[in-house]
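What follows is the residue order along each chain.
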There are 2 protein chains.
Amino acid sequence: MNASLQLLLEHRSFRDYTEQAVSDGDLDAIIEAAHRAPSSINGQQVSLVVVRNPATRTRISEIAGNQPWIVKAPVFICVVIDFAKTGTAMERAGETQIIHESLEGFAVGALDSGIVLATLMAAARALGLGIVPIGGIRNDPQAMIDLLELPPMTFPIVGCCIGHIASTPPLKPRLPGNTFRHDEKWQGVPDAATIAAYDAELMAYWQSLGRTDGLPWVENTASRYKRVYFPKTKPVAASQGFLVDK
Amino acid sequence: MNASLQLLLEHRSFRDYTEQAVSDGDLDAIIEAAHRAPSSINGQQVSLVVVRNPATRTRISEIAGNQPWIVKAPVFICVVIDFAKTGTAMERAGETQIIHESLEGFAVGALDSGIVLATLMAAARALGLGIVPIGGIRNDPQAMIDLLELPPMTFPIVGCCIGHIASTPPLKPRLPGNTFRHDEKWQGVPDAATIAAYDAELMAYWQSLGRTDGLPWVENTASRYKRVYFPKTKPVAASQGFLVDK
């Protein structure tokens, strides 16, 4: 099997790290790989804030709802939607930036941030390092903005821990492939039997980890999506200058 | 150099494909890799529609503003934000889905779609195939919804061509790394000299390709972002059930 493909097939989130630092060379290579990733219209509307300072990581851990791996892993990278950068192009061209007044603008910033995040994760894993994506910073995006001194027209959308692996968790089960892949046209939502079988598999996975707080997919998804799970995204995006009205 | 890392460092968009089909085995492996990628709260709110039918690809090419590589490459994959899938979890739990009424919901769908897209691209390139991401389907998202028979609570956010490489373009220059990477805190937007040097480099790249329509970063970005480049994203998302009011 192709090693690069195998790496992607074995994605997992690592939450157990050693104390060992990530070398400057490894970190440079990981970030350069993410920098080579494509962006919509080559606008390059994503930036990173690389945090190694332990006090800053401790604060980020609190912001994200107390996630101890952010304290333990030596590197945290915040992925930032960045229309401040494109704003400099507008100024130089003597034009007024409008894109950030639209859902399209915020969505393309989030989409491109996902591309950057996936590339960071793949590059770190290529070097034998562990990663875990952190959406929990959207629990309090304003606190992240204050901590990292982010300017207007930017938004901290997601983050990632990187460090040396202390232990490797098993692969987390996914819904079956036919709930993800539709050929030629949409083929419908998962049926009850498919979901029940997946939830049984997921509960066995939680049990294998000794995690008594693990929920089935149905209950986990329902508990988060019966409300707006991170309700500050919209108001903080608005106070940063994103309107999403168009 | 680590081959998996090198692959990421050499990302480029391929627009020149041979007639050769992508094998079922390669396509299965690429999609399985993307299916292993992480999602927010393990919600798995992304699905793919895999299009090989030539007539459908021709129509997608038209929708995306006449991009001939969508006709030529044997596979087009549409990445779909999918809260219809999570909706089945809500139903089974006897709860009402609310997440899609928020910017958070649409943004996390876009973010997770970016992770899936980047993983599709990396997996295809690991197998020696060429790829080009296609944001142009947002030119007319309703036409994509009609063509692929996408249900309410889904949105076709981006796509990707996959095929065998006929010719390999040079790497496209990016803004310098220090405009992408900020250490510890935000370090400011690119200065005028940095942007001017990048635009000179980008114009030399266009010239090397014989592309007389290539614009500098400043003019290209300004021409797209002085308006809402794909203005149908918000109204079509709304008619699909996404409110983004919260």
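Residues numbered from 1 in each chain as written. Chains lettered and ligands numbered in written order. Predicted model: local features only at pLDDT ≥ 70, side-chain atom pairs only at ≥ 80, totals over all residues. Heavy atoms only, no water.

### With respect to the overall build of chain A
Secondary structure assignment for chain A yields 10 helices and five strands. Computed over the C-alpha atoms, the radius of gyration of chain A is 19 Å, within 12% of the 18 Å expected from 2.2 N^0.38 for a compact globule of 246 residues. The C-alpha extent of chain A, read off along each of the three principal axes, is 60 × 45 × 35 Å. Looking at chain A as a whole, 62% of its 246 residues qualify as buried. Taking the intrachain contacts of chain A between residues at least 6 apart in sequence as the baseline, contacts between residues at least 24 apart amount to 79%. A total accessible area of about 8,700 Å² is found for chain A, and carbon and sulfur atoms account for 51% of it. Of the charged side chains in chain A, 22 are positive and 25 negative, and the gap between their average positions amounts to 3 Å. (Helix = DSSP H or I, 4+ residues; strand = E, 2+ residues; numbered from the N terminus. Rg over C-alpha atoms; globule rule 2.2 N^0.38 Å. Buried < 20%, exposed > 50% of the residue type's maximum accessible area, 1.4 Å probe, protein only. Contact = heavy atoms within 4.5 Å. Areas by Shrake-Rupley, 256 points an atom, 1.4 Å probe, with all protein chains shown as cover. Lys, Arg positive; Asp, Glu negative; His and termini not counted. Charge placed at Lys NZ, Arg CZ, Asp CG, Glu CD.)

### Description of unusual backbone geometry
For Val244 of chain A, which is not glycine, the phi dihedral falls at a positive 50°. Here Met153 of chain B, not a glycine, exhibits a phi torsion of approximately 70°, which is positive.

### With respect to the relation of the copies chain B and chain A
Note on the identical chains: chain B maps onto chain A by a rotation of 180° and an axial translation of 0.0 Å, with an RMSD of 0.0 Å. Read as a symmetry element, the transformation amounts to a two-fold axis. An overlap of 100% is found between the interface residues of chain B and their copies at the interface of chain A, pointing to a shared contact surface. (Least-squares fit on C-alpha atoms with pLDDT ≥ 70 in both.)

### Overview of the confidence of the model for chain A
Per-residue confidence for chain A gives a mean pLDDT of 97; residues scoring 70 or more make up 100%. Both scores are available for the predicted complex, with the pTM at 0.98 and the ipTM at 0.98. (pLDDT = per-residue confidence, 0-100.)

### Some points on the sheet that holds strand E1 (residues 46-51) of chain A
Taken in spatial order, the five strands line up as E3(A)-E4(A)-E2(A)-E1(A)-E5(B) in an open sheet, and their pairing is mixed. For this open sheet the edge positions go to strand E3 (130-134) of chain A together with strand E5 (181-183) of chain B, each flanked by a neighbour on one side alone. The average undirected angle you get between the axes of adjacent strands in this sheet is 25°. Here E3 of chain A runs beside strand E4 (residues 154-163) of chain A; their pairing, made up of five bridges, is antiparallel. (Pairing = 2+ DSSP bridges. Axes fitted to C-alpha atoms, helices over the stretch in contact; angles between N-to-C directions.)

### Regarding the interface of chain B and chain A
At the interface, 118 residues of chain B touch 118 residues of chain A. Taking both sides of the interface into account, the surface hidden between chain B and chain A amounts to around 10,300 Å²; carbon and sulfur atoms contribute 64%. Here chain B and chain A share eight salt bridges between them. Here Glu104 of chain A and Arg138 of chain B are joined by a salt bridge, their closest N and O atoms 2.8 Å apart. Counting the contacts that link chain B with chain A gives 62 residue pairs in polar contact (both at pLDDT 80 or more). Counting residues per element, the side of chain B that touches chain A draws most heavily on helix H6 (residues 103-126) of chain B, which supplies 18 residues. Classifying every residue of the side of chain B that touches chain A by side-chain character gives 68 nonpolar, 27 polar and 23 charged. (Buried area = accessible area lost by both parts, 1.4 Å probe. Salt bridge = Lys/Arg side-chain N within 4 Å of Asp/Glu carboxyl O. Polar contact = N/O pair within 3.5 Å; in protein donor to acceptor, adjacent residues only side chain to side chain. Nonpolar A, V, L, I, M, F, W, Y, C, P; charged D, E, K, R; others polar.)

### Some remarks on the packing of aromatic side chains
Under the criterion given, the structure shown has 12 aromatic pairs over all chains. Measuring from centroid to centroid gives 4.5 Å for Tyr229 of chain A and Phe230 of chain A, while their planes differ by 50°, and the two rings are tilted. Site record: aromatic cluster; members linked through ring pairs are Phe83, Phe106, Phe155 and Phe242 of chain A together with Tyr225 of chain B. Taking the ring centre of Trp69 of chain A as reference, the NZ or CZ of Arg15 of chain A above it sits at 5.3 Å. (Phe/Tyr/Trp six-rings, centres within 6.5 Å; stacked < 30°, edge-to-face > 60°. Lys NZ or Arg CZ within 6 Å of the ring centre and 35° of its normal.)

### Considerations on the pairing of strand E2 (residues 75-82) of chain B
Residue and element names in this part refer to chain B. Taking burial as the measure, the eight residues of E2 include eight buried ones, the bulk of the element. Alignment of strand E1 (residues 46-51) against E2, held across six bridges, turns out to be antiparallel. Its bridge partner being in E2, Val49 is matched across the sheet by Cys78. Strand direction decides the pairing type here: E2 and strand E4 (residues 154-163), joined by eight bridges, are antiparallel. Among the inter-strand pairings, Phe76 is bridged to a residue of E4, identified as Cys161.

### Regarding the pattern of salt bridges
Inspection of the entire model under this criterion finds 18 salt bridges over all chains. Of the charged contacts, one joins Glu149 of chain B and Lys185 of chain A as a salt bridge, the two residues approaching to 3.9 Å between their closest N and O atoms. Placement of Glu149 of chain B in the loop between helix H7 (141-148) and E4 and of Lys185 of chain A in the loop between strand E5 (181-183) and helix H8 (192-208) is noted, with the two residues assigned to different chains. Glu149 of chain B sits in the partly exposed class, given a relative accessible area of 46%. When salt bridges with common partners are traced through the structure, they connect Asp28 of chain A together with Arg181 and Asp183 of chain B into a single cluster.

### Quick notes on the nonpolar core
Among the nonpolar cores identified, the biggest contains 158 residues, and Phe76, Phe106 and Ile162 of chain A together with Phe76, Phe106 and Ile162 of chain B are the most heavily contacted of them. Leaving out residues up to four positions away in the same chain, Ile162 of chain A has contacts with Tyr17, Val22, Ile30, Ala73, Pro74, Val75, Ile77, Ala124, Leu129, Gly130 and Ile131 of chain A. (Core = buried A, V, L, I, M, F, W, Y, C linked by side-chain atoms within 4.5 Å.)

### A short note on helix H5 (residues 83-93) of chain A
In an α-helix, one turn spans 3.6 residues, which is why side chains three or four residues apart end up on the same side. Of all the 11 residues making up H5 of chain A, eight are buried; the element is thus mostly covered by neighbouring parts of the structure. Turning to H5 of chain A, its buried residues are Phe83, Ala84, Lys85, Thr86, Gly87, Thr88, Ala89 and Met90 of chain A. Tucked inside the fold, the buried residues of H5 of chain A contact E1, strand E2 (75-82), helix H6 (103-126) and E4 of chain A together with helix H8 (192-208) and helix H9 (217-225) of chain B. With a side-chain oxygen positioned 3.0 Å from the backbone nitrogen of Ala84 of chain A, the residue opening H5 of chain A is Asp82 of chain A. Two residues or fewer after H5 of chain A comes Gly94 of chain A, characterised by a positive phi angle close to 70°.

### So, the sheet that holds E5 of chain A
Overall, mixed pairing links the five strands, which are arranged E5(A)-E1(B)-E2(B)-E4(B)-E3(B) in an open sheet. This sheet does not close on itself; its edge strands, each paired only once, are E5 of chain A together with strand E3 (130-134) of chain B. Neighbour-to-neighbour, the strand axes of this sheet turn through a mean angle of 25°, independent of strand direction.

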